[in-house]
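Chain by chain, the residues run as shown.
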Amino acid sequence: MFTSDDSAHMARALQLATRGRYSARPNPMVGCVLVNDGSVVGEGWHERAGEPHAEINALREAGEKTQGAVAYVSLEPCAHHGKTPPCATALVEAGVGKVIAAMEDPFEEVAGRGLEMLRENGIEADVGLMQSAAEALNEGFISRVTRGRPFVRLKIAASLDGAIAMESGESQWITSEEAREDVQKLRARSGAIMTGIGTVMADDPSLNVRSAAIDSGGEQPLRVVLDSRLRMPATARMLTLPGETLVCCTAGHDGSGLSKAGATVQDFGAHGDVVNVFEVLAALAEREINDVLIEAGPRLAGYLLEKDLIDELVIYQSPHIMGSNTQGMFTTPSWSVLADRRKLDISDTRRVGSDTRITARISG
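Bear in mind the structure is a predicted one, so any value in this text is a computation, not a measurement.

### Observations concerning the overall build of the chain
So, step 1. When you go through the chain residue by residue, the secondary structure sums to 11 helices and 18 strands.
So, step 2. Over its C-alpha trace the chain gives a radius of gyration of 23 Å, about what one expects of a compact globule, namely 21 Å for 364 residues.
So, step 3. Taking the principal axes of the C-alpha coordinates as reference, the chain spans close to 70 × 45 × 40 Å.
So, step 4. When each of the 364 residues of the chain is scored for burial, the buried share is 52%.
So, step 5. The long-range share in the chain, meaning contacts at least 24 apart out of those at least 6 apart in sequence, stands at 69%.
So, step 6. Split by element, the accessible area of the chain, about 16,800 Å² in all, is 47% carbon and sulfur.
So, step 7. Side-chain charges in the chain split into 36 positive and 50 negative, and the spacing between the mean points of these groups amounts to 5 Å.

### Regarding the environment of T175
So, step 1. Position of T175 among the secondary structure elements: in the loop between β7 (163-166) and α7 (177-188).
So, step 2. When residues no more than four places from it in sequence are discounted, the contact partners of T175 are A157, R180, Y316, S318 and D355.

### A closer look at the pairing of strand β1 (residues 31-36)
So, step 1. Burial analysis of β1 places 6 of its 6 residues in the buried class, which makes it a mostly covered element.
So, step 2. Every second residue of β1 is oriented toward a common face, with G31, V33 and V35 on one face and C32, L34 and N36 on the other, all of them buried.
So, step 3. Between β1 and strand β2 (residues 39-45), which pair antiparallel and follow one another directly, the connecting turn spans 2 residues, one of which, D37, has a positive phi of 55 degrees.
So, step 4. Pairing analysis gives 4 bridges linking β1 to strand β3 (residues 70-73), with the strands arranged antiparallel. Across the sheet, residue V35 finds its bridge partner in β3, namely V70.

### Considerations on the packing of helix α3 (residues 87-94) against helix α4 (residues 113-120)
So, step 1. It is the contact of α3 with α4, at a shortest axis distance of 9 Å, that shows an interaxial angle of 20 degrees. For the element pair α3 / α4, the angle class is roughly parallel. Here α3 and α4 pass one another in a crossing that is right-handed. Touching A88, T89, L91 and V92 of α3 are G114, M117 and L118, all from α4.
So, step 2. In terms of residue class, the contact of α3 with α4 is made up of 5 nonpolar, 2 polar and no charged.

Conventions and cut-offs
Residues numbered from 1 in each chain as written. Predicted model: local features only at pLDDT ≥ 70, side-chain atom pairs only at ≥ 80, totals over all residues. Heavy atoms only, no water. Helix = DSSP H or I, 4+ residues; strand = E, 2+ residues; numbered from the N terminus. Rg over C-alpha atoms; globule rule 2.2 N^0.38 Å. Buried < 20%, exposed > 50% of the residue type's maximum accessible area, 1.4 Å probe, protein only. Contact = heavy atoms within 4.5 Å. Areas by Shrake-Rupley, 256 points an atom, 1.4 Å probe, with all protein chains shown as cover. Lys, Arg positive; Asp, Glu negative; His and termini not counted. Charge placed at Lys NZ, Arg CZ, Asp CG, Glu CD. Pairing = 2+ DSSP bridges. Axes fitted to C-alpha atoms, helices over the stretch in contact; angles between N-to-C directions. Parallel < 35°, antiparallel > 145°, perpendicular 65-115°, else oblique. Left-handed = near helix turned anticlockwise from the far one by under 90°. Nonpolar A, V, L, I, M, F, W, Y, C, P; charged D, E, K, R; others polar.

Printed below as a string of structure tokens:
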């Protein structure tokens, strides 16, 4: 059905799409390649929400060479009026002869309608070329629109023997400077960074993107603090930084002081003695957050694992041993026998500076 040339052009469209990894949110990352008589005549990607989509940028570059061209798009062209006009309409008006999309758009206002519009206007439209790669590219967006919650990624910095801090709480720095710079990329691609009040009280973290090498248009991820009893100090460092901080607590607490300090305080239901994180994630999806990065201590990290809310783990393991007077990665009181363990599928292992970065998912 698809040729080797088709695959090469779609691979290029997917590559172009990744250029929006830090700036396209909450929209999906999309790339487009226009080919006419075997030659690439236009390329584009979605750079920023509210700005032209990938197809429009490619059409503009192609100019008058769009008539009869084949458009390779990493995601089905949109068919609805959002902040920009429908791309399917633009492709029809440009006179393209064929559209190949890697995957259908799961967003309910599109969901096959873009491909249908193209076919109704006499344009051949195929879908499914390199679909798995396209889905992996936008798994956060897909999670939000199909599951009603963001994709949750847990970042951990640990020693070779699995310690994330000394017993006293001392943890700066376990991993190398290169690993910490790599974490900046994880932050920049996330719509929100979540931590617990324990980490705030112990470390007073910034939870911001501060790498000059990353161009995110100056936009900072939403900082989310799970703080059931609203102990967040109004003097917290993150409240003095650009960007929004959302403090999530249970009902019955006075958040006026934090609000004056610049925080957004929101009440949620309780799940046992802690704030209901399921409700928090649903609220983040309503805010159009696609990806959440967890940077937290063992209690919150373990709780999320127990509740099967971690979609991916990124573990930076440093080549040293910290010994027995330390804190482990996770606190999981409900796991008491070997059968409770979670098996991991490791998708990537690579060196980052002197450390090893392990990317894994819960198996099954």
